[in-house]
Amino acid sequence: MKEEILSNLQNPVQLETLYRKDRSGFKQSFNQLYPDLQDQLIAGYWHARLNEPKEAISWGSRKEFMVVMSLALVAGLIAKIPNFTGLDEEFFFSRNIGFIVFPALVAYFAWKNNLASSLITWLAVSMVTGLVFINSLPVNENSDTQILSNIHLLLFLYSVLGVAFVGGFKAPIHQRINYLKYNGDLAVMTTLMLIACGIMTAVTFGLFSLIGWNITPFFEQYLLVFGLPAVPIFATYLIQTNPQLVGKVSPVIAKIFSPLVLVMLLVYLTAIVFSGKDPYRDREFLIMFNFLLIGVMAIIFFSVAEAAKGNTGKFERWVLFLLSIVTIAVNAIALSAILFRINEWGITPNRLAVLGGNVLILINLLLVMVQLNKVLKQKAEISSVGNVIAQYLPIYALWTIVVTFLFPFLFGFE
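Residues numbered from 1 in each chain as written. Predicted model: local features only at pLDDT ≥ 70, side-chain atom pairs only at ≥ 80, totals over all residues. Heavy atoms only, no water.

## Structural notes on the overall build of the protein
Tallying secondary structure elements over the protein gives 18 helices and zero strands in all. Projected onto the principal axes, the alpha-carbon positions of the protein cover approximately 80 × 60 × 55 Å. With 414 residues in all, the protein has 43% of them scored as buried. Within the protein, contacts between residues separated by at least 24 positions form 76% of all contacts whose residues are at least 6 apart in sequence. As presented, the protein carries roughly 22400 Å² of accessible surface, and 66% of it is formed by carbon and sulfur atoms. (Helix = DSSP H or I, 4+ residues; strand = E, 2+ residues; numbered from the N terminus. Buried < 20%, exposed > 50% of the residue type's maximum accessible area, 1.4 Å probe, protein only. Contact = heavy atoms within 4.5 Å. Areas by Shrake-Rupley, 256 points an atom, 1.4 Å probe, with all protein chains shown as cover.)

## Focus on the packing of aromatic side chains
Enumeration over the complete set of coordinates arrives at 24 aromatic pairs. Aromatic pair phenylalanine 109 and tyrosine 182: ring centres 5.5 Å apart, planes at 85 degrees, arrangement edge-to-face. Taken together, the positions of phenylalanine 109 in helix α8 (residues 98-112) and tyrosine 182 in helix α11 (residues 173-210) put the pair 73 residues apart, joining distant regions of the chain. Judged by its relative accessible area of 1%, phenylalanine 109 is buried. Centre to centre, the rings of tyrosine 158 and tyrosine 179 are 5.2 Å apart; their planes meet at 35 degrees, and the pair counts as tilted. With tyrosine 158 in helix α10 (residues 144-166) and tyrosine 179 in helix α11, this pair connects stretches of sequence that are 21 residues apart. You can call tyrosine 158 partly exposed: its relative accessible area is 28%. One aromatic cluster is present, built from ring pairs that chain together Tyr108, Phe109, Tyr158, Phe165, Tyr179 and Tyr182. (Phe/Tyr/Trp six-rings, centres within 6.5 Å; stacked < 30°, edge-to-face > 60°.)

## Details of the pattern of salt bridges
Tallied over the full model, the rule gives two salt bridges. A salt bridge links glutamate 64 to lysine 112, with the shortest nitrogen-to-oxygen separation between them at 3.1 Å. Linking glutamate 64 in helix α5 (residues 62-79) with lysine 112 in helix α8, this pair joins segments that are 48 residues apart in sequence. Residue class for glutamate 64 comes out buried when judged on its relative accessible area of 7%. A salt bridge links lysine 181 to aspartate 185, with the shortest nitrogen-to-oxygen separation between them at 2.8 Å. Residue lysine 181 and its partner aspartate 185 are both found in helix α11; the two are separated by four residues, about one turn of the helix. Exposure class is identical for lysine 181 and aspartate 185. Each is buried. (Salt bridge = Lys/Arg side-chain N within 4 Å of Asp/Glu carboxyl O.)

## Structural notes on the nonpolar core
Counting residues in hydrophobic clusters, the biggest one holds 49 residues, and the most contacted among them are Leu123 and Ile233. Among the secondary structure elements, those contributing two or more residues to this core are α5, α8, α9 (117-136), α10, α11 and α12 (216-241). Setting aside anything within four residues of it in sequence, one finds leucine 123 in contact with Val106, Leu115, Val160, Val163 and Ala164. With 46 residues, the next largest nonpolar core counts Leu180, Met297, Val326 and Ile389 among its residues. (Core = buried A, V, L, I, M, F, W, Y, C linked by side-chain atoms within 4.5 Å.)

## Quick look at a nonpolar patch on the surface
A cluster of nonpolar side chains, namely Leu192, Ile195, Ile199, Val203, Leu207, Leu210, Ile211 and Trp213, defines an oily patch on the protein surface of about 890 Å² accessible area. Mapping isoleucine 199 onto the fold places it in helix α11. (Patch = residues over 30% accessible without salt bridge, like charges linked within 9 Å, V, L, I, M, F, W, Y side chains within 5 Å.)

## Looking at a negative patch on the surface
Residues Asp88, Glu89, Glu90 and Glu141 make up a contiguous surface patch of negative charge. Tracing the chain through its elements places glutamate 89 in helix α7 (residues 89-96). Looking at glutamate 89, the relative accessible area reads 44%, which means it is partly exposed. (Lys, Arg positive; Asp, Glu negative; His and termini not counted. Charge placed at Lys NZ, Arg CZ, Asp CG, Glu CD.)

## Some details on helix α16 (residues 314-345)
Helix length check: α16, at 32 residues, gives a terminal C-alpha distance of 46 Å against a target of 46 Å (1.5 Å per residue), a fit within 8%. Looking one or two residues beyond α16, the residue adopting positive phi is glycine 346, at roughly 90 degrees. (Expected span 1.5 Å × (residues − 1).)

## Topic: the side chain of serine 143
Take serine 143: it is sitting in the loop between α9 and α10. By relative accessible area, serine 143 is classed as buried at 3%. Side chain to side chain, serine 143 and threonine 145 meet in a polar contact 3.0 Å long. (Polar contact = N/O pair within 3.5 Å; in protein donor to acceptor, adjacent residues only side chain to side chain.)

## Notes on the packing of α11 against helix α18 (residues 383-410)
When two helices pack together, their arrangement is given by the angle between the helix axes and the distance between those axes. Closest axis-to-axis distance for the α11/α18 pair is 9 Å, and the angle between their directions is 90 degrees. Here α11 lies roughly perpendicular to α18, going by the angle between them. Taken together, the residues of α18 that come into contact with α11 (itself represented by Ile173, Arg176, Ile177 and Leu180) are Gly386, Asn387, Ile389, Ala390, Gln391, Leu393 and Pro394. Here the contact of α11 with α18 is built from residues that sort into seven nonpolar, three polar and one charged. (Axes fitted to C-alpha atoms, helices over the stretch in contact; angles between N-to-C directions. Parallel < 35°, antiparallel > 145°, perpendicular 65-115°, else oblique. Nonpolar A, V, L, I, M, F, W, Y, C, P; charged D, E, K, R; others polar.)

## Description of unusual backbone geometry
The phi torsion at asparagine 114 lies on the positive side, around 50 degrees, for a residue other than glycine. Within the element layout of this structure, asparagine 114 appears in the loop between α8 and α9. Non-glycine residue glutamine 378 carries a positive phi angle of around 60 degrees. Relative to the elements of secondary structure, glutamine 378 occurs in the loop between α17 (349-376) and α18.

## Remarks on α18
Between its first and last C-alpha, α18 extends 40 Å over 28 residues, near the 40 Å set by a 1.5 Å rise per residue. Most pronounced at threonine 404, the bend in α18 amounts to some 35 degrees, and the proline proline 408 follows within four residues. Of the residues flanking the end of α18, it is glycine 412, one or two places downstream, whose phi is positive at about 60 degrees. (Bend = angle between axes of the 7 residues up to and from the residue.)

Here it is in structure tokens:
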């Protein structure tokens, strides 16, 4: 190996080939040769590459850790409000569950990004407006607009968080793409932390049961209430301080799941034909169909956010292109079913909300498909696909505002 390294030292391509054939052997041989080669520039480059120190887990500054601890504590106290005030838990959580975690995350990014006071004021006013509005709606358990407002308020708060993350309304497009990537990383990290917490909980319950102690009440009233809101907050903190933790996991997940989802969708669409299910008249089936659409859209967005870094091959780009086409077909079925139901039974808040969402998704998918087609024809860079999605995100935010704040008045709070 030493002789091969010496003979190919000025041939970068061949040297790289040798390295990839036997990385550990190459590193050992090169480090033995390096004292006699250190005056050569190429040798210095390879020495730095081969002996790069491994990144250790960083816990950030003590100040940042204390900020995160405080935000997690506040989130837990907000979740305990029904216990402190005697409010009905179902009423409180159905309307305010988003205000347990989102304000803490918004506050974290506002502090970390050192946002201007004017933008912080806007973020605070937006969240307070949502808080006051949702809790001012008349109590009506059968109100469709109430349920729609509750659901879309979460998306509205998600949009407010996006503004805090990117640093304002005039932030560069790549920051919006980073926000999509952050969501994928957050999903991975949160899932891992929940699994770890689940194992820890099972072990703890087992140990205390052996000595005859029942810790269920304490667990439900304190550990669960304070622990669950803390998970996404600490997951965000770990992602920001240690991007390498999931930086290599997320691309792998995107590459694995994109082709799997494509195959699943093709099989599913074929199975629908033989199943006898009718999305035009079966309301529950149509609802699940739309959930499927949203899930696939999320995978496409996440995959494109990873692909926008330019580390995808032709196969991955073809998978994304075919996935966008199949998802358009799924969207077309759902959209036609909604139009059919509106034509048959008239407009309701639910049907109009789903119709608007499906139309926006269809337009977005068509733009993505067109851009991916250009990428495959080498008429555009893969990053342009991410830019198309990023530029479209504010339109989704506007629709969530319409459904959350205007639908109750448009439909008389029914």
